Amino acid sequence: MPIATVNPANGETLRTYDALGAEEIERRLATAEETFRTYRTTSFAERARLMHRAADLLDADQDTIGGVMTTEMGKPVKQARAEAAKCAKSMRWYADHAAGLLADELPADSDVKDSGASRVLVRYRPLGPVLAVMPWNFPLWQVIRFAAPALMAGNVGLLKHASNVPQTALYLEDLFRRAGFPEGCFQTLLIGSGAVEAVLRDPRVRAATLTGSEPAGRAVASVAGDEIKKTVLELGGSDPYVVMPSADVDRAARTAVTARVQNNGQSCIAAKRFIVHTDVFDAFAERFTAGMAALKVGDPMDEDTDVGPLSSEQGRRDLEELVDDAVENGANVLCGGERPEGLGERGWYYAPTVLADITPEMRVHQEETFGPVATLYRAADLDEALALANDTPFGLSSNVWTRDESEIDRFVRDLEAGAVYVNGMTASHAAFPFGGVKRSGYGRELAEHGIREFCNITTVWHGA
């Protein structure tokens, strides 16, 4: 895949870039290692000062970088600006909290005495250069949620971004440079996927984090395992959105529309499978389908657009194949199911779609729909709702709508997911851990869990 900005709204190639050669990759790896030796000794106060400066610059750049993201991957520009604002807010959160999150821990006095020590502490020390292999769907946020904690912990970052968002990738390197971070603290590697293995195997790279597809996760985890290097993986998701009889059905249906089509439906944590109790199924289906059908699909640079194009022609083909397979096997199309008239030939658009009467034989029952396509299921009771929610190889997040506390307790206990959102839609926040189970990956980003993933957790024992 070429490293290029291709506008998904019209298929026009705007800029192309040459991949870095072996000599330049070596120079950047050497720079990262050299910078780490000194950056690791900087104070939390100094790192926080730099991170706050980077956040201020990002806030000032919202309009510019928002337009770049929209041009590169197609999200509505108002959502792109919101993504930039979220990144700046999260950078400030880590700047303000990192020192506390990584403060030395003192075990209980009784345990210290039992070990024969006079004093014991647990210290969090940085690992070194960390390679981040990142996707295009949230081209700023996916990177910042790694970079902010990693840099605040004293690590340095190497970014291999998706090949279709090179301008965003280069902007990130420039952002940290302008903020005053030492040269080599954060570097973008414009390389293809074929060059990742050599970088990951380099002994100067101490760990890796990847957000992306299952195959990409397997490839990185396999190489890292061979090299015995720590990894964090955030992979796909097919999140359930369960609506029970006691729910506010109107609110659940309105929220469901946003939960499915945020970022043009191209989000790992977007709700994708809507599992509705039979008592409220018809009411929910009617409201949800009407909301999906009413969305404005169009130019992502238009402030009034709700859904822009998919990021690539291949992405749209993949989505169409899933829908076609479902229809051929008996699914009922309640709305959408086609390319929007007048748009579909010019760019990579697909109409917001609701599919009902899903059966296990359909590919869409097990595979992730990465685009504005929702699947609708009817559940007879709580047990069937749970069974349907867990009948997926993924386990990233989940959404449950009910006012019944006993049902909430049961869902929280039994849902196989990294998060359970009750009476609301899944979102990410710097203060809360983020990640999944099953084929959605392992490890956690954000919160104290995320900043500690790439630390050497060191026991320091002092004899009596």
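Numbering of residues begins from 1 in every chain and follows the order in which that chain's sequence is written. It should be noted that, the model being predicted, local features are given only for residues of pLDDT at least 70 and side-chain atom pairs only at 80 or more, the latter also being counted only at that level, while totals for whole chains, interfaces and linings use all residues. Heavy atoms from the whole structure form the basis of all side-chain values; hydrogens and water molecules are not counted.

*Asks:* Provide a residue-level description of the overall build of the protein chain, including the pertinent values.
*Replies:* Counting from the N terminus, the helices are DSSP H or I runs at least four residues long and the strands are E runs at least two residues long. From N to C terminus, the protein chain includes 15 helices and 19 strands. With the radius of gyration taken over C-alpha atoms, the globule rule is written as 2.2 Å times the number of residues to the power 0.38. Its C-alpha atoms give the protein chain a radius of gyration of 23 Å, within 12% of the compact-globule value 23 Å for 464 residues. On the principal axes, the C-alpha backbone points of the protein chain span a range of 70 × 60 × 40 Å. Type-normalised accessible area, obtained with a 1.4 Å probe on protein chains alone, sets the label of each residue: buried when under 20%, exposed when over 50%, and partly exposed for intermediate values. For the protein chain, buried positions account for 57% of its 464 residues. Shrake-Rupley sampling with a 1.4 Å probe provides the accessible areas, and residues are treated as covered by the protein chains on show and by no other component. For the protein chain, the accessible area works out to roughly 18,500 Å², and carbon and sulfur atoms hold 50% of it.

*Asks:* Account for the pairing of strand β4 (residues 129-133), with residues named and values stated.
*Replies:* The buried fraction of β4 is high, at five of five residues. Handedness of a crossover is defined as follows: orient the strands so they point away from the viewer, and if the path from the first strand over the helix to the second runs clockwise, the crossover is right-handed. Read from β4 through helix α6 (residues 141-152) to strand β5 (residues 156-160), the crossover connection turns out right-handed. For two strands to be treated as a pair, DSSP must find at least two bridges joining them. Sheet analysis places β4 next to strand β7 (residues 207-211), joined by four bridges and oriented parallel. Paired with Val130 across the strands is Ala207, a residue of β7.

*Asks:* Account for the nonpolar core, naming residues and giving values.
*Replies:* It is characteristic of soluble globular proteins that their nonpolar side chains tend to be buried jointly. We define a nonpolar core as any set of buried Ala, Val, Leu, Ile, Met, Phe, Trp, Tyr and Cys residues linked to one another through side-chain atoms lying within 4.5 Å. With 80 residues, the main nonpolar core has Met51, Leu58, Met91, Leu131, Leu140, Phe176 and Phe181 as its most contacted residues. With ten residues, the single largest contributor to this core is helix α4 (residues 77-101). Apart from residues lying up to four places away in sequence, Leu131 is in contact with Leu158, Lys160, Val196, Val199, Leu200, Val205, Ala207, Ala208 and Thr209. Membership of the second largest hydrophobic core comes to 31 residues, among which are Val243, Ala259, Cys335 and Val354. In what follows, a contact means two residues having at least one pair of non-hydrogen atoms within 4.5 Å.

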